[in-house]
Amino acid sequence: MRPVIPYVTAALLFGLGVYGVLRRRNAVLVLMAVELMLNAVNLVLVTADTTVQAVLPHSGQVFALFVIVLAAAEIGVGLAIVLQLYRLRAGVTVDDVPLAEPAPAVTPVERPEGAIR
Amino acid sequence: MTGADVLLLALGAVAVGSGALVVATRHLVRAGLWLVVCLGALAGNYLVLTAELVAWVQVLIYVGAVVVLLLFAVMLTRAPIGPSDDLDRPGWPAALVGAGSGLGLAVLLIDAFRWSRVDLPAAGTAERLGEQVFRSWVLPFEVLSVLLLAALVGAIVLSRPDIGRPAAPTAAPDGGERPARVASTPAADEGGRP
């Protein structure tokens, strides 16, 4: 087995993921590109498990499992944020997200002095 | 080149090609479906690299759960069915950074490994991996379970707008709202009219 083949595959996938994160404007597509990057890391870990003689056997594959769990948690929270963004702004374009916190909207409620609280 | 090399090359080509389509297509739904192809090819790569358990977990969690969640998100955000033109920002810097990191890493790895060959180790079956996880990696495993719980709670709190909302109106009339309004309106009036 030539380890350079999966390593180069992983490097190219990581590059594609970086390109996708920087290029895409839709938040769901950004999350997909992040998945590509995480998978490239997984491929590196699994391949390194075959090439590196570690003290503990199969450490790379165990770490790949951990990264898969992290990706599952990340996608859950990420999609919750994306859906909340869609609910607030009716769109998931990343460019339109205001970076500064907007001023709190004070609703002018006129309350007479003798009103029952 | 042995059979494993040919398989790795073919699956890697499929993975990179479908990954390129994920970041290049104009159809939102097709991006998710190309992601399925890419992750499936990577699962095949793991099988060739004798990581059986990781391959099946990849199929179960990534193809089964993550992509389905992404497609749910595509549907819930009312994505158009046809091609959409506003998916990308003009991206020469993105192409530059992406190609730079990808090709740079590829050159580094090619320089490190050349055309050397290694023998495949013993297969990472569920029995061996489970032994490792529950013997050497118990603490990270438990920490990950806590992290999954925290992510679950966080996702629930984020997606329910009624959590945390009732605290604001009860606190506002006593202390927060009235002095701010008294202080702000005369100042705005005096400042606006010289």
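Residues numbered from 1 in each chain as written. Chains lettered and ligands numbered in written order. Predicted model: local features only at pLDDT ≥ 70, side-chain atom pairs only at ≥ 80, totals over all residues. Heavy atoms only, no water.

- Under an unreviewed UniProt entry, the name given to chain B is NADH-quinone oxidoreductase subunit J, and the organism recorded is Micromonospora marina.
- Heading Catalytic activity (unreviewed entry) of the UniProt record for chain B holds this comment: "a quinone + NADH + 5 H(+)(in) = a quinol + NAD(+) + 4 H(+)(out)".
- If you open the UniProt record of chain B and go to Subcellular location (unreviewed entry), you find "Cell membrane". (UniProt positions renumbered as here; feature names shortened; annotations may be inferred.)

- Labelled according to an unreviewed UniProt entry, chain A appears under the name NADH-quinone oxidoreductase subunit K, originating from Micromonospora marina.
- UniProt lists a comment for chain A under the heading Sequence similarities (unreviewed entry), and it reads "Belongs to the complex I subunit 4L family."
- UniProt, in its Subunit (unreviewed entry) section for chain A, records the words "NDH-1 is composed of 14 different subunits. Subunits NuoA, H, J, K, L, M, N constitute the membrane sector of the complex."

Some thoughts on the UniProt feature "transmembrane region" (unreviewed entry) in chain A
Residues and elements named next belong to chain A.
So, step 1. According to UniProt, the "transmembrane region" (unreviewed entry) feature falls on residues 6-22, 29-48 and 60-83.
So, step 2. The straight-line gap between the two end C-alpha atoms of residues 29-48 is 29 Å; of that span, 100% is helix and 0% is strand.
So, step 3. A helix fraction of 100% and a strand fraction of 0% characterise residues 60-83, whose end C-alpha atoms lie 34 Å from each other. (Helix = DSSP H or I, 4+ residues; strand = E, 2+ residues; numbered from the N terminus.)

A short note on the packing of helix 3 (residues 59-89) of chain A against helix 6 (residues 138-159) of chain B
When two helices pack together, their arrangement is captured by the angle between the axes and the distance separating the axes.
So, step 1. Remark: helix 3 of chain A packs on helix 6 of chain B, axes separated minimally by 9 Å, with the N-to-C direction vectors making an angle of 10°. In this view, helix 3 of chain A runs roughly parallel relative to helix 6 of chain B, as classed from their interaxial angle. In this structure, helix 3 of chain A contributes F66, V69, L70, A73, G76, V77, A80, I81, Q84 and R87 of chain A to the contact, and helix 6 of chain B contributes P140, F141, L144, L147, L148, A151, A155, L158 and S159 of chain B.
So, step 2. Classifying every residue of the contact of helix 3 of chain A with helix 6 of chain B gives 15 nonpolar, three polar and one charged. (Axes fitted to C-alpha atoms, helices over the stretch in contact; angles between N-to-C directions. Parallel < 35°, antiparallel > 145°, perpendicular 65-115°, else oblique. Contact = heavy atoms within 4.5 Å. Nonpolar A, V, L, I, M, F, W, Y, C, P; charged D, E, K, R; others polar.)

Description of unusual backbone geometry
Residue and element names in this part refer to chain B.
So, step 1. You will see that T50, though not glycine, has its phi angle at about 60°, which is positive.
So, step 2. Turning to its location among the elements, T50 is positioned in the loop between helix 2 (28-48) and helix 3 (52-76).
So, step 3. Backbone geometry places R114, a non-glycine residue, at a positive phi of 50°.
So, step 4. One can find R114 in the loop between helix 4 (92-113) and helix 5 (126-135).

A look at the interface of chain B and chain A
So, step 1. Listed as interface residues are 88 residues of chain B and, on the opposing side, 76 residues of chain A.
So, step 2. Counting each side, the surface lost to burial between chain B and chain A is near 7500 Å², with a carbon and sulfur contribution of 72%.
So, step 3. Among the residues chain B hides against chain A, the three largest losses belong to V23, Y62 and R89 of chain B. Together they make up 10% of the total.
So, step 4. Where chain B packs against chain A, one counts four salt bridges. (Buried area = accessible area lost by both parts, 1.4 Å probe. Salt bridge = Lys/Arg side-chain N within 4 Å of Asp/Glu carboxyl O.)

What about the UniProt feature "transmembrane region" (unreviewed entry) in chain B?
Residue and element names in this part refer to chain B.
So, step 1. Mapped onto this structure's residue numbering, the UniProt feature "transmembrane region" (unreviewed entry) falls at residues 6-24, 31-49, 55-79, 91-110 and 137-158.
So, step 2. Measuring from the first to the last C-alpha atom of residues 31-49 gives 27 Å, for a span that is 95% helix and 0% strand.
So, step 3. Split by type, residues 55-79 is 88% helix and 0% strand. Its first and last C-alpha atoms lie 31 Å apart.

A look at the packing of helix 2 (residues 27-51) of chain A against helix 3 of chain A
Residue and element names in this part refer to chain A.
So, step 1. Where helix 2 meets helix 3, the closest approach of the two axes is 8 Å, and the angle between their N-to-C directions is 175°. When the axes of helix 2 and helix 3 are compared, the pair comes out roughly antiparallel.
So, step 2. Per-class residue counts for the contact of helix 2 with helix 3 are 15 nonpolar, five polar and three charged.

What about the side chain of Q84 of chain A?
So, step 1. Of note, Q84 of chain A is situated in helix 3.
So, step 2. Accessibility expressed as a relative area gives 17% for Q84 of chain A, which makes it buried.
So, step 3. Contacts of Q84 of chain A, omitting those with residues within four sequence positions, involve L158 and S159 of chain B. (Buried < 20%, exposed > 50% of the residue type's maximum accessible area, 1.4 Å probe, protein only.)

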